[in-house]
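Structural characterization, general
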Amino acid sequence: MQLYSYFRSSAAYRVRIALNLKGLSYEYLGVHLLKNGGEQLSDSYRELNPAALVPTLVDGDVALGQSMAIIEYLDETHPDPALLPADPVGRARVRAIAQTIACDTHPLNNLRVLKYLKRELKIDDAAKDAWYRHWVDLGLGAVESLLANSPATGKFCHGDTPGLADLCLVPQVYNARRLECDLSAMPNVVRIDAACRELQAFDLAAPDKQPDSE
């Protein structure tokens, strides 16, 4: 398999963790989102991923975009260890936590959104960073409530085994810290992030461990 990735992309980070947890080897192909006008915008890359986003996973003749779709594809084609619980209620809960991050929080702070705010709407850096922190606070605050108010929360987001929700949580917390967001009111988020990062699969997926890290 080949993974087209950018070291600091939250979405690519999720997929790297999933591949590592599954014990799957892959070739890392860096796509720099800032250099050369954005390498994701090149014609050759758009042929693989018309959305011009990372990540893209190539598995044989199949090219897949969208991190959540890629992760569920990996879970279906390589089911051990499972990234979703066996029971319907558990799966729904894990997806709700994951999508609170992947659908409600991360897209508002995606690089192309931040670039649009700055370049097109002429928002200065201070206002852009305030925008970022606002949506992180709302999104991770909601995740904290989901974690704090459920007996299903364990060492990780759901029980004592890392899964889909944790794959989304750790990259979002990484970026929250990079933008100096206040996480002091989110003890479960902080605790679970720390537990995940102790695992080799998460550690090896970290942005500073990638070949295109800078």
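Residues numbered from 1 in each chain as written. Predicted model: local features only at pLDDT ≥ 70, side-chain atom pairs only at ≥ 80, totals over all residues. Heavy atoms only, no water.

Going by what an unreviewed UniProt entry lists, the protein chain is known as Maleylacetoacetate isomerase and is assigned to Bordetella genomosp. 4. What the UniProt record of the protein chain gives under Sequence similarities (unreviewed entry) is the line "Belongs to the GST superfamily. Zeta family." (UniProt positions renumbered as here; feature names shortened; annotations may be inferred.)

For the rest of this paragraph, the subject is the sheet that holds strand β3 (residues 56-59). Across the sheet, which stays open at both edges, the four strands sit in the order β2-β1-β3-β4 with mixed pairing between neighbours. Of all the strands in the sheet, the pair left with one neighbour each is β2 (27-30) and β4 (62-65). The average undirected angle you get between the axes of adjacent strands in this sheet is 20°. Two elements, strand β1 (residues 2-5) and β2, share four bridges in a ladder whose sense is parallel. Counterpart to S5 in the pairing with β2 is G30. Strand contacts of helix α1 (residues 10-22): β1, β2 and β3, with the helix running at about 155° to β1, the strand carrying the most contacts. (Pairing = 2+ DSSP bridges. Helix = DSSP H or I, 4+ residues; strand = E, 2+ residues; numbered from the N terminus. Axes fitted to C-alpha atoms, helices over the stretch in contact; angles between N-to-C directions. Contact = heavy atoms within 4.5 Å.)

Okay, the UniProt feature "domain: GST C-terminal" (unreviewed entry) in the protein chain next. Within the UniProt annotation, "domain: GST C-terminal" (unreviewed entry) is assigned to residues 87-214. For residues 87-214, the helix share is 62%, the strand share is 0%, and the end-to-end C-alpha distance is 42 Å.

The next point concerns the packing of helix α5 (residues 111-119) against helix α6 (residues 125-148). Close contact between α5 and α6 brings their axes to 10 Å; oriented N to C, the two are set at 145°. Seen along the crossing, α5 lies across α6 with a hand that is right-handed. Packed against α5, whose contacting residues are V113, L114, L117 and K118, the element α6 presents D125, K128, W131 and Y132 at the interface. Of the residues in the contact of α5 with α6, the class split is five nonpolar, no polar and three charged. (Left-handed = near helix turned anticlockwise from the far one by under 90°. Nonpolar A, V, L, I, M, F, W, Y, C, P; charged D, E, K, R; others polar.)

With that settled, the discussion passes to the domain arrangement of the protein chain. Entries for the protein chain in the domain assignment read domain 1 (2-81) and domain 2 (88-202). Here the C-alpha centroids of domain 1 and domain 2 sit 20 Å apart. Opposite the 16 residues of domain 1 that make contact, domain 2 presents 18 residues. The junction of domain 1 with domain 2 conceals about 1,700 Å² of combined surface from both sides, 68% of it contributed by carbon and sulfur atoms. In this structure, E72 engages R95 in a salt bridge whose closest nitrogen and oxygen atoms are separated by 3.3 Å. At the boundary of domain 1 with domain 2, the tally comes to four residue pairs in polar contact (both at pLDDT 80 or more). Put simply, the parts of the chain that give the side of domain 1 that touches domain 2 at least two residues each are α1 and α3 (67-77). Per-class residue counts for the side of domain 1 that touches domain 2 are eleven nonpolar, two polar and three charged. (Domains from an automatic or database assignment. Buried area = accessible area lost by both parts, 1.4 Å probe. Salt bridge = Lys/Arg side-chain N within 4 Å of Asp/Glu carboxyl O. Polar contact = N/O pair within 3.5 Å; in protein donor to acceptor, adjacent residues only side chain to side chain.)

This brings us to the packing of helix α4 (residues 88-102) against α6. The geometry of α4 relative to α6 is characterised by a closest axis approach of 9 Å and an angle of 165° between their N-to-C directions. In this view, α4 runs roughly antiparallel relative to α6, as classed from their interaxial angle. Crossing of α4 against α6: the hand is left-handed. Of α6, the residues touching α4 (which contributes R93, I97, T100 and I101) are G139, A142, V143, L146 and L147. A per-class count over the contact of α4 with α6 returns six nonpolar, two polar and one charged. (Parallel < 35°, antiparallel > 145°, perpendicular 65-115°, else oblique.)

Moving on, we come to helix α7 (residues 164-178). Compared with an ideal rise of 1.5 Å per residue, which puts 15 residues at 21 Å, α7 spans 22 Å between its outermost C-alpha atoms and is within 8% of the ideal. Across the 15 residues that make up α7, a large majority, twelve, are buried. Taken residue by residue, α7 has L164, A165, D166, L167, C168, L169, V170, P171, Q172, V173, N175 and A176 as its buried positions. (Expected span 1.5 Å × (residues − 1). Buried < 20%, exposed > 50% of the residue type's maximum accessible area, 1.4 Å probe, protein only.)

Across all of its chains, the model carries four aromatic pairs by this definition. A centroid spacing of 4.9 Å and a plane angle of 65° characterise the contact between Y6 and F7, whose relative ring orientation is edge-to-face. Across this residue pair, the class does not change: Y6 and F7 are buried. (Phe/Tyr/Trp six-rings, centres within 6.5 Å; stacked < 30°, edge-to-face > 60°.)

Attention now moves to the nonpolar core. L140, L167 and L169 are the most contacted members of the largest nonpolar core, which totals 48 residues. Only α1, α3, α4, α5, α6, α7, α8 (187-197) and α9 (200-205) provide two or more residues apiece to this core. Those residues in contact with L140 that lie beyond four places of it in its chain are L169, Q172, V173, A176, L183, M186 and V189. One finds Y6, Y45, V54 and V58 within the second-largest nonpolar core, a separate group that totals nine residues. (Core = buried A, V, L, I, M, F, W, Y, C linked by side-chain atoms within 4.5 Å.)

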